[in-house]
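Fold and contact review
Each chain is listed here by its residues.
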Amino acid sequence: MRKSVVAIVGRPNVGKSTIFNRLVGERISIVEDIPGITRDRIYSQAEWLTTSFNLIDTGGIEIGDEPLLVQMREQAEVAIQEADVIIFMVNGREGITAADEEVAKLLFKSNKPIVLAVNKVDNPEMRDQIYEFYSLGFGEPFPISGTHGLGLGDLLDDVVKHFPELEQDDQDEDTIYMSLIGRPNVGKSSLVNSILNQERVIVSDIAGTTRDAVDTPFTKDDQDFVIIDTAGMRKRGKIYETTEKYSILRALKAIERSDVVLTLIDAETGIIEQDKKIAGYAHEAGKAVVIVVNKWDTIDSHEKAIKEYEQKIRAHFQFLDYAPIVFLSAKTKKRIHTLIPQVLEASENHAKRVETNVLNDVIMDAIAMNPTPTMKGQRLKVLYATQVAVKPPSFVVFVNDPELLHFSYERFLENRIRDAFGFEGTPIKIFARKRN
């Protein structure tokens, strides 16, 4: 099901990023500590009570050297386009400023639910200062403190009330949904066209539940696919040209609905930090991943060149060591035939189930080969394991003490599971539980 999107909007220095970090801080703190995933982000997941939602920090969107008013307008436009609910943040210590009023004018035109948050109200004596903010016209102001975490519960209660009713995505389980992600100009649209032309099928554009994306169905060898093309969107204003970070917002919506994510890299320009950042979102979302090196026609494409480039990718994308790499040219269709088989395999592995008795045989053989470690005088005892979910395949390992399962030994068990059952193209998750 698509998650609601909340954006935090306001002029600079009202504390947007502080509130953002508080709301998503717990999630960010448990993100895997694997080299290659960039930590700075303007978009993440947050939870309140039983509701999970996506959160945008417009304070993290850097526009450039434009005047302040232009920057605020562009940041607000991003939120207006993307968000279901907007938190309009002001500074309780400074009162209403002309810049606040400019942002308010923009938000009035959005027809989106607006929740007014008055930040930096750090003690009860300051609460009387919030009443002037009623004049902005957005109803009751919510006093909060980013520094101390005060008032966020009441604020989020009101935010969640405004979430739209989101219907379950009506996706056929037998259809493979795949999205193409990557920084601008890596050839996403060209690859979509190349795939569809290759199949020589009549396709129809169906408006997807993801705003601004186009779902294009096609069939190959009796298998139904849908391409969620995030590259098919039209730019609507300067921000879409000047803010590369905006591509992440679009990619995340498509990732949510995908079974397999094609992460595109430009063979000409090589790997940059943005590539790792975008690929990291697919990994964290637990999706099957295929790395696609496009524009391979521009490179000396002998086997040695492929091996050297593959080594470079593995060094930069250590967290995607399970993802197959496909070298092709969307423009010339060179090696395009190698892509769909990898998508099929990754999708199949993403949904693969392993019988419990076979899994435990593999785990026990692994332990016999490499005995469990000892920590603080206690030895880890692995009692048994079972698979509890697919997409991605997830396993619970029951042990005497979960704290004794060090990351390195967990990785060893993961590698043995991969050796035994494949799982190329998909992440797998292992959870340690104490057996009662």
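Whatever comes next refers back to the structure up there.
Now for a quick tour of the structure. What you are looking at is a predicted structure, and each value in this text was computed from that prediction instead of being measured.

1. Points about the overall build of the protein chain
The helix and strand tally for the protein chain stands at 12 helices and 18 strands. Counting every position in the protein chain, which comprises 436 residues, the buried fraction comes to 52%. Summarising the internal contacts of the protein chain: among those between residues at least 6 apart in sequence, 73% fall at separations of at least 24. With an accessible surface of roughly 20,600 Å², the protein chain has 47% of that area assigned to carbon and sulfur atoms.

2. Here we look at the pattern of salt bridges
One pass over the full model with this rule turns up 10 salt bridges. A salt bridge links R11 to E94; the shortest N-O distance between them is 2.8 Å. Taken as a pair, R11 in the loop between β1 (5-9) and α1 (16-29) and E94 in the loop between β4 (85-91) and α3 (98-108) lie far apart in primary sequence, 83 residues in all. Relative accessible area serves as the criterion here: at 8%, R11 is assigned to the buried category. A single network of salt bridges, built from pairs that share partners, joins R11, E94 and D100.

3. What about the sheet that holds strand β17 (residues 394-399)?
Backbone hydrogen bonds are what pair the strands of a sheet, in a parallel or an antiparallel way. The strand order across the open sheet formed by three strands is β16-β17-β18, and the pairing between neighbours is mixed. Unpaired on one side and paired on the other, β16 (382-389) and β18 (429-434) mark the two borders of the sheet. Going from strand to strand, the sheet's axes swing by 25 degrees on average, the running direction of each strand aside. Here helix α11 (residues 356-369) sits on the sheet in contact with β16 and β17, set at roughly 135 degrees to β16.

4. Quick notes on the packing of aromatic side chains
Across all of its chains, the model carries 12 aromatic pairs by this definition. For the ring pair Y384 and F398, a centre distance of 4.7 Å and an interplane angle of 25 degrees mean the geometry is stacked. In this pair, Y384 sits in strand β16 while F398 sits in strand β17, placing the two residues 14 residues apart along the sequence. Following the ring pairs from residue to residue traces out a cluster consisting of F88, F108 and F138.

5. Overview of the pairing of strand β7 (residues 176-181)
Across the six residues of β7, six count as buried, placing the element largely inside the fold. Note that β7 and strand β11 (residues 260-266) share four bridges and pair parallel. Bridge assignment links S179 to a residue of β11, and that residue is V261.

6. Looking at the side chain of H350
If you trace the backbone, H350 turns up in helix α10 (residues 339-350). In this structure, H350 is in contact with D259, G286, K287, A288, V390, K391, P392, P393 and T426, ignoring residues within four places of it in sequence.

7. Description of the packing of α11 against helix α12 (residues 407-421)
For the pair α11 and α12, interaxial distance at closest approach is 10 Å and the crossing angle is 125 degrees. Judged by the inter-axis angle, α11 sits oblique to α12. The way α11 lies across α12 gives a crossing that is right-handed. Facing α11, whose interface residues are V358, L359, V362, I363, A366, I367 and M369, α12 presents Y409, F412, L413, R416, I417, A420 and F421.

8. Things to note about α11
In this model α11 runs 20 Å from its N-terminal to its C-terminal C-alpha over 14 residues, within 8% of the 20 Å that 1.5 Å per residue would give. Those residues of α11 that fall on the buried side of the exposure criterion are L359, N360, V362, I363, A366 and I367. With its buried residues spanning 160 degrees around the axis, α11 presents them on a single face. Among the exposed residues of α11, those oriented more than 90 degrees off its buried face are D365, A368 and M369.

Parameters and conventions
- Per chain, residue numbering runs from 1 following the sequence as it is written.
- Whole-chain, interface and lining totals are the exception, using all residues; otherwise, since this is a predicted model, local features are given only for residues with pLDDT of at least 70 and side-chain atom pairs are given and counted only at 80 or more.
- Heavy atoms throughout the structure, all of them, feed into the side-chain values; hydrogens and water do not.
- In this description a helix means any DSSP run of H or I spanning at least four residues, a strand means any run of E spanning at least two, and both kinds are numbered starting from the N terminus.
- Relative accessible area decides the class of each residue, using a 1.4 Å probe on protein chains only: under 20% of the type maximum gives buried, over 50% gives exposed, and in between gives partly exposed.
- Only heavy atoms enter the contact rule, under which two residues are in contact if any of them lie within 4.5 Å.
- All accessibility values rest on the Shrake-Rupley procedure with a 1.4 Å probe; residue burial counts only the protein chains present in the view.
- Any Lys or Arg side-chain nitrogen found within 4 Å of a carboxyl oxygen on Asp or Glu counts as a salt bridge.
- Note: two strands are recorded as paired if DSSP finds a minimum of 2 bridges between them.
- Note on method: axes are straight lines fitted to C-alpha atoms, helices fitted across the in-contact stretch only, with angles between N-to-C directions ranging 0 to 180 degrees.
- Pairing of aromatic rings covers Phe, Tyr and the six-membered ring of Trp, with a centre-to-centre limit of 6.5 Å; geometry is then stacked below 30 degrees between planes, edge-to-face above 60, and tilted otherwise.
- When an angle is under 35 degrees it counts as roughly parallel; over 145 it counts as roughly antiparallel; between 65 and 115 it counts as roughly perpendicular; any other value is oblique.
- Take the far helix as your reference; a near helix turned counterclockwise from it by less than a right angle gives a left-handed crossing, and one turned clockwise gives a right-handed crossing.
- Each residue after the first adds 1.5 Å to the expected span of a helix.
- Directions pointing from the helix axis toward each C-beta atom define the arc.

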